[in-house]
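Chain by chain, the residues run as shown.
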Amino acid sequence: MAEAGEETAGWRRTLWAMVGIQFVMTGAFSVLSPIMPLLLPELGVESARAIDLWAGVLAGITSFIAAFVSPLWGRLADRRGRKLMLLRSSLAIAVFTVLMGLSGNVWQFFACRALMGAFAGFSSAAIALVASQVPEERLGFSLGWLSTGQLVGSLVGPLVGGALADVTGSYRIPFFCTAATILLAMGLVQFGVDERFVAPGRRNRQPLLGSLLALARSHGLLALFFVLLMAQFGVRTVQPIVTLYVQEMMGPRPDLATLAGIAFSITGLGNVISAPFLGNRSDVIGYRRVLLICLFGATVTTLPQAFTDNYWTFAAERFAVGLFIGGIVPTANALVGRLVSRSERGSVYGMTSSAMFLGNSLGPLSGGAVAAILGLDWVFLVTAAVLFANLFWVYMRVPGDIPTDISRTTEA
């Protein structure tokens with residue numbers, strides 16, 4: 001009984017430590033979001049059109065590069081340990097953040113952003129570490145809370161970044177403060193996270209190409225790969241046009257930026273509320289069922305946004321879609337974890353992180369293109385159609401009954 005109690009306390013301690021670390025890391029990284037466009041004139045970018053172009057390129061390049069290297073880091077995590085990958089990624093992000101703050105021109109800044117993407121992998125390693133340490137029947141609960149830490153950090157970070165820049169009167173100081181915060185998170189990983197890791201023998205190691213082929217052959221994993229891609233795609237597709245849509249609804253007014261900010265952040269608030277609840281419920285009523293509910297809800301709450309002409313109705317719809325979107329990522333990640341053995345989760349979560357990075361990159365580009373060609377309201381229609389297609393695919397391809405002890409089942 002004592003050993004069981006210690007084991008329970010151990011995985012819970014690891015979980016809550018990782019939730020706090022994920023909050024710190026995501027918050028630190030998102031601190032820079034509102035600052036980068038404002039720094040561009042200091043880097044030699046002067047025209048408004050060039051600033052808009054570079055702001056989009058710099059926002060997307062890190063995720064784009066990370067999408068291609070995440071499987072490699074995931075494979076290394078399975079061989080060397082997920083905690084080591086957290087430390088490696090934290091150190092690299094801190095170094096390149098300092099170099100961004102020291103950049104003398106936009107090309108140096110661009111290179112730092114690209115290299116940061118090449119050394120990324122913190123989130124996938126965090127998911128793999130938690131998924132490999134917690135009990136199988138608590139995957140949804142654990143990944144739901146890990147997602148909450150990430151979401152809260154992404155909400156708090158931009159507010160802190162803007163305030164820090166205003167208080168210090170510098171757009172470079174926040175970069176150095178961010179690097180210091182990341183090093184703090186690195187220390188928390190080193191001294192606050194315990195990982196029970198046993199390196200697999202050479203016979204059990206599968207080459208990366210073999211893992212990719214296994215993903216392609218597994219209808220369930222492939223479906224979840226695209227679910228995670230389209231979840232990020234669906235969230236990010238509408239981001240470039242929310243402010244324009246609010247402006248079209250409300251007309252020119254002095255509080256336009258505030259109203260647009262509310263429409264942005266209220267979706268994240270819905271994510272924060274729903275992620276732990278839906279993650280916990282998925283452990284009880286089933287991951288596939290919760291995933292289908294979330295995809296259906298995200299579809300029916302996205303669709304009416306195309307026809308809304310009242311701001312507060314639009315804000316309510318944005319909050320509602322956040323409630324459902326918030327459950328997709330942790331539930332899909334829990335399903336992924338149940339479909340593979342513990343020893344392979346680093347590799348697989350590396351590949352699913354690639355899907356999310358691609359969604360982060362392709363979403364804004366597609367949303368802007370659709371808005372330019374067809375109009376703002378069509379962005380919501382296209383997003384709803386994509387979510388519905390995912391709903392159908394999950395219904396047809398993702399298995400419903402997954403063994404409780406998948407590690408034994410897979411390795412038997």
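Use the structure listed above.
None of these values were measured; they are calculated from a predicted model. (Residues numbered from 1 in each chain as written. Predicted model: local features only at pLDDT ≥ 70, side-chain atom pairs only at ≥ 80, totals over all residues. Heavy atoms only, no water.)

Time to look at empty space enclosed by the protein. Under the definition given, this model contains two cavities of 30 Å³ or more. G234, V235, V238, T267, T302, Q305, R318, V321, I325, T383 and L387 are the residues that line the largest cavity. Among the elements that take part in the lining of the largest cavity, helix α14 (residues 311-339) stands out by supplying three residues, more than any other. The class makeup of the residues in the lining of the largest cavity is five nonpolar, five polar and one charged. (1 Å grid on protein atoms, 1.4 Å probe; cavity = no way out; pocket = protein on both sides within 12 Å on 5 of 7 lines; lining within 4 Å. Points joined across faces, edges and corners; volume = space filled by probe spheres on them. Helix = DSSP H or I, 4+ residues; strand = E, 2+ residues; numbered from the N terminus. Nonpolar A, V, L, I, M, F, W, Y, C, P; charged D, E, K, R; others polar.)

Relative to the helices and strands, N390 is located in helix α16 (residues 376-397). Not counting residues within four places of it along the chain, the set of residues in contact with N390 comprises A223, F226, V227, M230 and L295. (Contact = heavy atoms within 4.5 Å.)

Describing an aromatic ring pair means giving the distance of the ring centres and the angle of the ring planes. The final tally for this structure, using the stated rule, is 10 aromatic pairs. Measuring from ring centre to ring centre gives 5.7 Å for F96 and F119, while their planes differ by 35°; the resulting arrangement is tilted. Within this pair, whereas F96 is found in helix α4 (residues 82-102), its partner F119 is found in the loop between α5 (106-118) and α6 (122-133), the two being separated by 23 residues in sequence. Members of the aromatic cluster, each reached through a chain of ring pairs, are W16, F141 and W145. Positioned above the aromatic ring of F141, the side-chain terminus of R138 is 4.4 Å from the ring centre. (Phe/Tyr/Trp six-rings, centres within 6.5 Å; stacked < 30°, edge-to-face > 60°. Lys NZ or Arg CZ within 6 Å of the ring centre and 35° of its normal.)

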